[in-house]
Structure formats: C-alpha cells, structure tokens
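# Commentary on secondary and tertiary structure
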Amino acid sequence: MHHEKVVLITGAASGIGKYLAQTLYKDGHLLAATDVNEEGLKKVAEESGWDPDKAIVQALDVTKRSEWEQIIRAALDRWSRIDVLMNIAGVIKPGFIHETDFDMIDFHIDVNLKGTIIGTKLVSEQMVKQKGGQIINIASMAGITPVYGLNLYSTSKFGVRGFSLSIAPELKEHNVAVTVVCPDLVDTPMLTLQLDYPEAALTFSGSRHLTVEEIGNVILDQGLKKKKLEIVYPTSRGLTAKIASFQPRLMDMLLKLLADKGSKRQSKLKGKK
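In this report, the structure presented in the accompanying data block is examined. (Residues numbered from 1 in each chain as written. Predicted model: local features only at pLDDT ≥ 70, side-chain atom pairs only at ≥ 80, totals over all residues. Heavy atoms only, no water.)

### Brief notes about the sheet that holds strand 1 (residues 6–9)
Strand order in this open sheet of seven strands is 3-2-1-4-5-6-7, and the pairing throughout is parallel. Each having just a single partner strand, strand 3 (55–59) and strand 7 (230–233) make up the two edges of the open sheet. Strand-to-strand, the axes of this sheet are offset by a mean angle of 15°, without reference to chain direction. Packed onto the sheet, helix 2 (residues 38–48) meets strand 2 (30–35) and strand 3 and runs at close to 165° relative to strand 3. (Pairing = 2+ DSSP bridges. Helix = DSSP H or I, 4+ residues; strand = E, 2+ residues; numbered from the N terminus. Axes fitted to C-alpha atoms, helices over the stretch in contact; angles between N-to-C directions. Contact = heavy atoms within 4.5 Å.)

Following this line, the structure appears as structure tokens:
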C-alpha cells in the first residue's frame with residue numbers, strides 16, 4: 001500500500017480547497033490541484049513551493065467533461081492511479097427566486113451539482129478499475145435544510161448530498177469509499193461576498209463562522225482518515241437542521257427567526273468590513 005496518496009482536488013485556488021491542497025502536500029501526498037481560476041492556482045503553487053514532480057497544477061472548469069478527462073489523464077500518466085477525489089469547487093449567489101437572473105440557475109446547478117457528478121462519474125470508473133479509492137464531496141448544511149434567500153445554492157447542495165448518499169453503497173462494493181461533508185458556513189471569499197446581500201441573512205444566523213482550518217481538519221480527520229459517510233459540522237447546528245427538515249411548517253417559523261437574527265449580525269459584520 002502506498003503511503004502517499006494521489007489526490008485530485010478541485011477549487012484549490014482559495015478557501016477550503018486551498019487549505020486542503022497545501023496541507024495534503026505538506027503531509028507528503030501527491031497532488032493534481034485544479035481550479036477554474038488558473039492564475040490564482042499558480043500563485044498558490046508558487047507561494048507554497050510545490051515541486052512539479054509532486055504536484056500537477058492545471059486549470060479545470062468542472063462543468064466541462066473534456067477538461068476533467070485531461071486532468072485525469074495527466075494524473076494517470078504521471079502516477080498511474082488516483083486514490084482520492086475531493087470535489088471542493090463551489091459557487092454561491094444569494095437571491096429571491098422572483099428576482100434571480102436566469103443564468104444563475106445554470107450557474108449553481110452546473111458548477112455545484114453537475115460538476116461534482118461529472119468528476120465523480122469519471123474518477124469512479126478509474127477507482128473501480130484499480131479496486132479502491134475515496135471520493136469526498138462538499139455539500140452544505142444548506143443541503144440538509146432549505147435556506148431562505150439561497151434557494152439555488154440550497155437546491156444544488158441537496159442534490160450533491162442526495163447523489164453522494166446514493167452512490168456510496170454502489171461504490172462500496174468496489175472498495176471505493178464516499179464521504180459527503182455538510183459544513184455550516186465557512187469564512188472564505190464565498191462568504192465575504194454574501195455580506196452585501198440582504199437575502200443572505202440566514203447565512204449569518206450562527207453564533208460564529210467556521211474557519212477554513214477548522215473544517216479542513218475535520219475533512220482530513222473524519223473524511224480522509226476515518227472515511228465517515230456523512231460529516232455534519234458543527235454537530236449541534238446539524239442536528240437542528242435535521243430535526244427542522246422533518247417538520248416543514250416548523251421550519252418556516254425557524255427560518256424566519258434565524259433570518260432576523262442573521263440580518264442583525266450581518267449588519268454588525270458589514271460595519272467591520
């Protein structure tokens with residue numbers, strides 16, 4: 001068994017993806033690091049001093065099958081296996097449905113949901129062939145309980161969660177583990193963007209936001225190491241989300257309360273910006 005793992009990771013130019021890529025590299029793993037933002041990705045590779053023999057750095061638009069095929073081929077040509085796929089790339093743009101631009105529908109579904117499905121489909125074929133592997137997909141707390149003002153994001157993450165939980169038993173038979181991660185909101189560039197949207201008030205209803213390091217380490221420990229099927233973090237908020245999703249009427253009331261609380265905190269944070 002190889003000590004170092006070959007890890008294909010998306011969204012590696014910022015946020016959680018960047019933290020995971022840097023940490024995995026430091027831990028001696030081999031990286032196929034990708035992001036749609038090629039410039040940002042190259043900057044991360046340079047700043048982190050990645051040895052080109054141990055890290056392939058390549059632009060990837062997760063919505064394009066041909067680009068997925070290219071990075072998979074590059075990793076296989078170099079290392080002849082892919083041990084771990086981490087689908088971290090994601091997008092978010094708050095908005096009420098009656099005010100949302102039409103192209104936002106494809107934007108969320110194509111990147112968050114289809115991107116994860118396309119990558120998983122292609123990489124799982126290779127993992128089944130090599131008789132083992134691990135796939136870690138990022139959903140969200142918004143994939144467990146609907147989120148007021150983030151309807152498209154929430155829909156895409158419900159999809160990621162449903163997809164991941166469906167394929168887990170299929171792939172388990174081939175020694176391929178699947179993990180779906182449902183974090184509360186994390187302090188990344190994606191979050192900063194939401195400070196300006198009143199529709200995103202609910203995002204700010206927790207008492208604090210998770211740091212990238214915090215959720216990154218949970219993914220490495222409970223996901224990569226322990227291969228847990230579903231990671232909901234922090235657990236307390238996750239439990240509330242799961243209970244609320246059993247009772248949609250109750251959830252309506254809860255969402256309103258949380259949104260009010262969130263918009264107060266949002267204004268406070270905006271003041272600090």
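Okay, back to it.
### Observations regarding the nonpolar core
Membership of the largest hydrophobic core comes to 29 residues, with the highest contact counts inside it found for Ile9, Leu20, Leu24, Leu31, Trp50, Met86 and Ile219. Elements with a contribution of two residues or more to this core: strand 1, helix 1 (15–26), strand 2, helix 2, strand 4 (84–87), strand 5 (133–138) and helix 7 (212–225). Contacts of isoleucine 9, omitting those with residues within four sequence positions, involve Gly17, Leu20, Ala21, Ala32, Ala33, Thr34, Met86 and Ile88. Listed in part, the 27 residues of the second largest apolar core include Ile71, Ala89, Phe163 and Leu171. (Core = buried A, V, L, I, M, F, W, Y, C linked by side-chain atoms within 4.5 Å. Buried < 20%, exposed > 50% of the residue type's maximum accessible area, 1.4 Å probe, protein only.)

### Some thoughts on the pairing of strand 3
Relative to strand 3, strand 2 is paired through five bridges, and the arrangement is parallel. Residue pairing across strands places aspartate 35 opposite alanine 59, the latter belonging to strand 3. For the handedness criterion, the β-α-β arrangement of strand 2, helix 2 and strand 3 is classed as right-handed. (Right-handed = clockwise from strand over helix to strand, strands pointing away.)

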